[in-house]
Amino acid sequence: MQESEGAGATVAGGCLCGRVRFEIGLPTLFCAHCHCSMCRKSHGAGFVTWVGVPYARFRITAGEEALRRYDSSEHGWRRFCGECGSSMLCESSTHAAYIAIALASLDGAVDRAPSQHIFVDDRAGFVQIDDGLPRLGGKSGLEPRS
Ligand SMILES: [Zn+2]
Ligand SMILES: [Zn+2]
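The sections below set out a description of the structure shown in this document. These figures come from a predicted structure and were not determined experimentally.

### Observations concerning the coordination of the zinc ion (ligand 2)
For the zinc ion (ligand 2), the full set of protein donor atoms is Cys34 (SG), Cys36 (SG) and Cys39 (SG), at a range of 2.1 to 2.3 Å. One chain supplies every donor to the zinc ion (ligand 2), and in sequence these donors are spaced C-x1-C-x2-C. Exposure remark for Cys39: the relative accessible area of 2% places this residue in the buried category.

Dropping the structure here:
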């Protein structure tokens, strides 16, 4: 059964060691690849694919005490497992209505595929973008580039 595709379904996720567990409720709000330097450094990855859900559809189900917070900018912060270091969540006062969850930390599929690349001007030199998805960048990271 692929129940994760429908509205009202939930998708569980968590960190590498399994201490921190959470779930999101569908539908998601967006799914995008972020190439900003903070995402890359925080995750040790070429880019990070995020899905957003309203806080009302996000719930930590285990290990909340293991979650650590790092303030990565004046308005944003990231949360990761203090045991295994998995970086999973990105929150910001600029988007107080929703939380961003690293797609790779989820155990199952969500209701949409990644739809765009953001902060492309900050991307790592070894990352080639050739999937045809829209690219956004510039100062805000969200201005149309192609
Ligand atoms: Zn962990
Ligand atoms: Zn980013």
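### Observations regarding the coordination of the zinc ion (ligand 1)
Every protein donor of the zinc ion (ligand 1) is listed here as Cys15 (SG), Cys17 (SG), Cys81 (SG) and Cys84 (SG), and their distances to the metal cover 2.3 to 2.4 Å. Written as a sequence motif, the donor arrangement for the zinc ion (ligand 1) is C-x1-C-x63-C-x2-C.

### Section: unusual backbone geometry
Residue Leu26 is joined to Pro27 through a cis peptide bond whose omega torsion reads 5°. Phi angles above zero are rare outside glycine, and Phe119 is one such case at about 55°. Here Phe119 lies in the loop between strand 10 (116–118) and strand 11 (136–137).

Definitions and limits used
- Residues numbered from 1 in each chain as written.
- Chains lettered and ligands numbered in written order.
- Predicted model: local features only at pLDDT ≥ 70, side-chain atom pairs only at ≥ 80, totals over all residues.
- Heavy atoms only, no water.
- Donors = N, O, S within 2.8 Å, 3.2 Å for Na, K, Ca; no water.
- Buried < 20%, exposed > 50% of the residue type's maximum accessible area, 1.4 Å probe, protein only.
- Helix = DSSP H or I, 4+ residues; strand = E, 2+ residues; numbered from the N terminus.

Geometric values such as these leave the question of function open.
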